[in-house]
Structures are given as structure tokens and as C-alpha cells.
Amino acid sequence: MGTLNVAPVTPLDYRRLAEKRLPRFLFDYIDGGANDELTMAANIADFQRLKLKQRVMRDVSNISTATTIAGEAASMPVILAPVGMAGLMARRGEVQGVRAANAAGVPFTLSTVGICPLEEVAAASSKPFWFQLYMIRDRGIVRDMLTRAQAAGCTTLVFTVDLPIAGMRHRDARNGMGGHSLRARAASAWQIATHPIWVADVGVFGKPHSFGNLEDMVANPTDMEAYKKWLNAQFDCSVTWKDIEWLRGIWPGKLIIKGILEADDAIAAVAAGADGVIVSNHGGRQLDTAASGISKLPEVAAAVGDKAEVLMDGGVRSGIDVVKALALGARAVLIGRPWVWANAARGQAGVSDLLAVFKREMEVAMALTGVTNVAQLNADLIDR
Ligand SMILES: Cc1cc2nc3c(=O)[nH]c(=O)nc-3n(C[C@H](O)[C@H](O)[C@H](O)COP(=O)(O)O)c2cc1C
């Protein structure tokens with residue numbers, strides 16, 4: 001897409017628009033990964049390397065992308081991934097995200113560190129949504145959040161296990177995120193001042209800018225730096241499988257463990273009571289040089305079998321990628337950056353349009369590989 005006058009279609013089109021719309025430090029926060037961003041790049045490259053078989057002369061007049069995920073009907077096997085601070089990229093970003101997900105018939109996942117609180121998302125949502133949990137040292141806070149999530153109608157809890165400690169995001173460090181240096185503050189003030197559309201949309205009309213689910217935890221709810229400090233101190237890096245058993249005991253809905261790459265960890269998650277696992281390296285934001293999600297998917301899927309649902313994320317950028325992931329054993333995929341770029345560029349309408357393109361791409365890829373429903377997608381479709 002050469003100019004801004006051309007309608008965005010793909011995630012990369014929205015990314016380019018988001019880059020124009022957002023202050024640099026916010027764009028980099030979404031766009032970046034850990035260290036040299038090798039894992040982030042592998043997530044994309046490993047999808048690109050996979051080839052599908054073109055198969056012809058099968059009746060493909062009735063194609064359906066519909067499925068069920070964690071016991072709920074979905075129009076296609078795609079979920080909006082939990083993304084922290086999504087509400088800083090678009091006005092009340094989580095609300096716009098859940099509305100687009102509702103309209104498309106796919107699940108939306110609210111992050112622990114979203115801007116909009118559970119109650120605001122519930123009020124905007126016509127359907128149950130998913131809640132993602134980071135383990136907080138103070139288990140009383142965790143209990144309270146889960147009680148709120150249940151009251152908000154959340155059916156599925158996604159417990160993220162690949163962030164006992166935050167990865168080294170060098171772009172954020174370069175932008176001075178999380179610091180108080182005068183230079184960094186001046187730079188971000190300049191970036192904000194030179195992005196007036198964002199200032200109006202998010203800066204002025206998108207308030208309050210606090211972590212809505214953690215609002216009562218720090219004294220000044222709009223002091224993001226104080227929040228981040230509190231959060232870093234509160235993230236519990238002593239978590240083990242025992243804590244999942246504890247969670248299982250207090251969470252009555254479905255429980256999905258996010259951030260699994262190894263088959264033995266997947267088996268342990270299922271043994272601890274998980275209904276599903278997400279093969280994920282957190283979008284390449286945690287351990288750099290870890291393998292891509294798509295390359296690890298087949299062995300995890302084989303180890304889990306039908307004991308739990310296997311989802312995956314990282315680098316899914318089209319309906320063709322969704323087809324590839326399902327062929328290699330995923331029940332569904334999550335998309336992170338793509339929905340946030342679309343939201344930053346065009347709000348709810350952008351996310352809706354993006355999801356419509358993913359669905360159409362899936363239908364076309366299914367027709368041209370000769371399958372008519374998602375149950376028929378299997379490893380035979382991959383051209384070795
Ligand atoms: C800006 C950003 C913030 C994220 N915040 C969270 C989060 O709060 N909780 C979580 O479990 N995962 C979080 N993730 C990871 C995503 O849920 C997902 O695993 C990842 O984005 C998938 O890769 P993709 O961006 O290539 O689609 C975040 C990812 C990004 C890009």
C-alpha cells in the first residue's frame with residue numbers, strides 16, 4: 001500500500017497506518033519484540049515457509065469456517081489475543097475490540113493490564129468474553145479479579161505462564177518507557193504533540209488512561225509509571241503447576257494455559273486441570289531465540305491429543321496462516337498485533353474489516369485446497 005488514500009486490507013496495511021497515527025513509543029511498544037527480535041521474525045518466517053497443496057475438482061460449493069472453541073460457537077477459528085494497554089492505541093480500545101469480535105462471531109480476550117476494566121467491556125459486549133490473568137503475588141487480588149470476571153460473564157480464563165519476568169524489549173528501553181529520564185520525557189512529549197489525531201482520539205476523549213482491572217491497587221490511578229512499578233513488584237515469578245491447581249479450584253469456567261512451547265509442559269498443564277493450551281512465545285516478546293509457535297505446534301498437538309484443546313499464536317497474518325495452523329493441529333489461533341494495528345488505524349470498523357478479510361481468505365484457501373469444513377484440515381494439506 002503506497003499511499004494513505006488506498007483502503008487498508010491486510011495487517012501490514014493497518015500497521016503502516018498505525019505507525020502514522022501513533023506516537024513512536026506506542027507504535028514501538030506494539031510492534032517490537034524481545035532482544036534482537038529473532039523469535040518475532042521466526043513466527044512470521046515459519047508460516048511463510050509452509051506451503052499448501054493446491055487440490056482441484058472437489059465440490060467446494062458449501063464452505064464453512066465455523067467451529068467451536070472452548071465449548072463456544074465461533075464463526076471462524078480466530079480469537080482476539082489479550083493485549084496490554086490496547087486502550088492507549090485507540091479510544092477505549094478494548095471496547096472497540098470486543099464489539100468487533102462480537103459482530104464477527106469470534107471470542108475476545110481482555111488482558112489483566114487492559115485499559116478498560118472488566119465491567120466496561122462487559123457493558124459493551126453482547127456475548128461472554130474471555131479474561132486473561134497474570135498471577136499477582138497477593139492472591140486476594142487474584143481472587144477479587146476472578147470474582148469480577150465471573151460477574152462480568154467471562155466464560156474462559158486464559159492464564160499466561162510465559163511472563164514470570166518481563167522480556168528485554170530494547171525498543172521500549174530506547175524510547176525510555178518505564179523510566180523517568182528528562183530526555184525520554186521530552187521525546188515522548190514531542191511525539192505526542194506531533195500526533196494530533198491520536199491526541200484527540202485517545203489522549204483527550206479516551207480517558208481514563210489507567211489499568212482498569214487494577215484501579216484500586218495504586219494511589220493515583222492515572223500515574224502509569226507508578227502502576228508499572230507496582231505491577232513489576234507484584235508479578236509473581238514463583239508460580240508453578242501447583243498454582244494452576246489452585247486456580248482450577250476457584251475458577252468454575254474453562255481454563256486455558258497460554259505460553260506453552262514444549263510438549264512436556266503441555267502435558268503438565270493438562271494434568272493440572274487445563275481445558276486447553278496456547279502454543280505461544282508471547283509474540284516474540286519474551287525469550288528471544290525461542291522457537292516459533294507454528295514450528296512447535298505439531299509436537300504439542302500430538303502430545304495433548306484429544307485431552308484438551310490446542311490453540312496457537314504468533315505471526316498469524318492471514319486466513320491462509322489460520323488454515324496452515326489448523327492443518328498442523330490447532331483448534332484455533334489468536335491474533336495479537338493485527339487487531340491492535342487495525343484498531344489504532346481505523347477503530348472498531350478496522351478490526352471488523354480485518355476479521356472479514358481473514359474469513360474470506362480462509363474460505364478461499366479451503367476451496368483451493370479442496371476442503372469444505374475445518375474438521376477436514378489436516379497435515380496432508382501441507383506440501384512437504
Ligand atoms: C503490545 C502487546 C501486548 C501484549 N500484552 C499481553 C498481555 O497483556 N497478556 C498476554 O497474555 N499476552 C500479551 N501479549 C501477547 C499476545 O497475547 C499474543 O500472544 C501475541 O501478540 C501473538 O503474536 P502476534 O502479535 O504475532 O499475533 C501482548 C502482545 C503485544 C504485541
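Above: the structure in question.
Just so it is clear, the model here is predicted, and its values are computed rather than measured.

Caption draft 1: Region of the structure containing the site of the ligand. Around the ligand sit 24 residues, and of these Pro82, Ser111, Thr160, Asp313 and Arg317 come closest. Take glycine 84: an N or O atom from its main chain is 2.9 Å from a nitrogen atom of the ligand. Contact between the ligand and arginine 337: an oxygen atom at 2.9 Å from a main-chain N or O atom of the residue. When isolated, the ligand has an accessible area of 610 Å², and the protein chains bury 98% of it. With respect to the detected pockets, the ligand is housed in the largest pocket.

Caption draft 2: Region of interest: the sheet that holds strand β7 (residues 254-260). Read across the sheet, eight strands follow the order β3-β10-β9-β8-β7-β6-β5-β4 without closing on themselves; strand pairing throughout is parallel. Each end of this open sheet is capped by a strand with a single partner; those strands are β3 (78-80) and β4 (109-110). Pairing analysis gives four bridges linking strand β8 (residues 276-279) to strand β9 (residues 309-313), with the strands arranged parallel. Each residue of the ladder has a partner; that of valine 277, found in β9, is valine 310. Sheet strands touched by helix α6 (residues 139-151): β5 (130-133) and β6 (156-160). Its angle to β5, the strand with the most contacts, is close to 170 degrees. Strand contacts of helix α15 (residues 337-369): β3 and β10 (332-335), with the helix running at about 155 degrees to β10, the strand carrying the most contacts.

Caption draft 3: Summary view of the packing of helix α4 (residues 93-104) against α15. One can describe the packing of α4 onto α15 by two numbers: an axis separation of 8 Å at closest approach and a directional angle of 15 degrees. As far as their axial angle goes, α15 and α4 are roughly parallel. Both α4 and α15 take part in a crossing whose hand is left-handed. Contacts between α4 and α15 pair Gly93, Gln96, Gly97, Arg99, Ala100, Ala101 and Ala104 from the former with Trp339, Asn343, Gly347, Gln348, Val351, Ser352 and Leu355 from the latter. For the contact of α4 with α15, the class distribution of residues is six nonpolar, seven polar and one charged.

Caption draft 4: Summary view of the packing of aromatic side chains. Inspection of every chain in the model, using the stated rule, returns two aromatic pairs. Here tyrosine 134 and phenylalanine 235 contribute two aromatic rings whose centre-to-centre distance is 4.9 Å and whose plane-to-plane angle is 45 degrees, an arrangement assigned as tilted. With a gap of 101 residues between them, tyrosine 134 in the loop between β5 and α6 and phenylalanine 235 in the loop between α10 (224-234) and α11 (241-250) connect regions that are remote in the sequence. For the pair shown, tyrosine 134 and phenylalanine 235 are each scored as buried. Lying over the aromatic face of tryptophan 246, arginine 139 brings its terminal NZ or CZ to 5.8 Å of the ring centre. Its end group placed over the ring of tyrosine 29, arginine 285 keeps NZ or CZ at 5.0 Å from the ring centre.

Caption draft 5: Quick look at empty space enclosed by the protein. Under the counting rule described, the total for this entry stands at one cavity of 30 Å³ or more. In terms of lining, the largest cavity is formed by Asp28, Tyr29, Gly32, Gly33, Arg169, His170, Arg171, Asp172 and Arg285. Of all elements in the fold, only α2 (24-31) and α7 (170-174) reach the threshold of two or more residues within the lining of the largest cavity. Its residues assigned to classes, the lining of the largest cavity comprises one nonpolar, three polar and five charged.

Caption draft 6: Layout of the pairing of β10. Because side chains alternate across β10, one face comprises the buried residues Ala332 and Leu334, and the other comprises Val333 and Ile335, equally buried. In terms of strand pairing, β3 meets β10 through three bridges, oriented parallel. Bridged to isoleucine 79 within β10 is leucine 334. The pairing of β9 with β10 spans three bridges and is classified as parallel. By the bridge assignment, aspartate 313 is partnered in β10 with leucine 334. Crossover handedness for the path β9 to helix α14 (residues 319-327) to β10: right-handed.

Caption draft 7: Up close: the state of the cysteines. As enumerated under the stated definition, the model contains zero disulfides in all. Of the cysteine sulfurs around cysteine 116, a residue in no disulfide, the closest is that of cysteine 154, at 13 Å.

Each value, and the rule that gives it
- Residues numbered from 1 in each chain as written.
- Predicted model: local features only at pLDDT ≥ 70, side-chain atom pairs only at ≥ 80, totals over all residues.
- Heavy atoms only, no water.
- Near = heavy atom within 4 Å.
- Polar contact = N/O pair within 3.5 Å; in protein donor to acceptor, adjacent residues only side chain to side chain.
- Areas by Shrake-Rupley, 256 points an atom, 1.4 Å probe, with all protein chains shown as cover.
- 1 Å grid on protein atoms, 1.4 Å probe; cavity = no way out; pocket = protein on both sides within 12 Å on 5 of 7 lines; lining within 4 Å.
- Sits in = over half its atoms within 2 Å of the grid points.
- Pairing = 2+ DSSP bridges.
- Helix = DSSP H or I, 4+ residues; strand = E, 2+ residues; numbered from the N terminus.
- Contact = heavy atoms within 4.5 Å.
- Axes fitted to C-alpha atoms, helices over the stretch in contact; angles between N-to-C directions.
- Parallel < 35°, antiparallel > 145°, perpendicular 65-115°, else oblique.
- Left-handed = near helix turned anticlockwise from the far one by under 90°.
- Nonpolar A, V, L, I, M, F, W, Y, C, P; charged D, E, K, R; others polar.
- Phe/Tyr/Trp six-rings, centres within 6.5 Å; stacked < 30°, edge-to-face > 60°.
- Buried < 20%, exposed > 50% of the residue type's maximum accessible area, 1.4 Å probe, protein only.
- Lys NZ or Arg CZ within 6 Å of the ring centre and 35° of its normal.
- Points joined across faces, edges and corners; volume = space filled by probe spheres on them.
- Right-handed = clockwise from strand over helix to strand, strands pointing away.
- Disulfide = S-S within 2.5 Å.

Geometry only, nothing functional implied.
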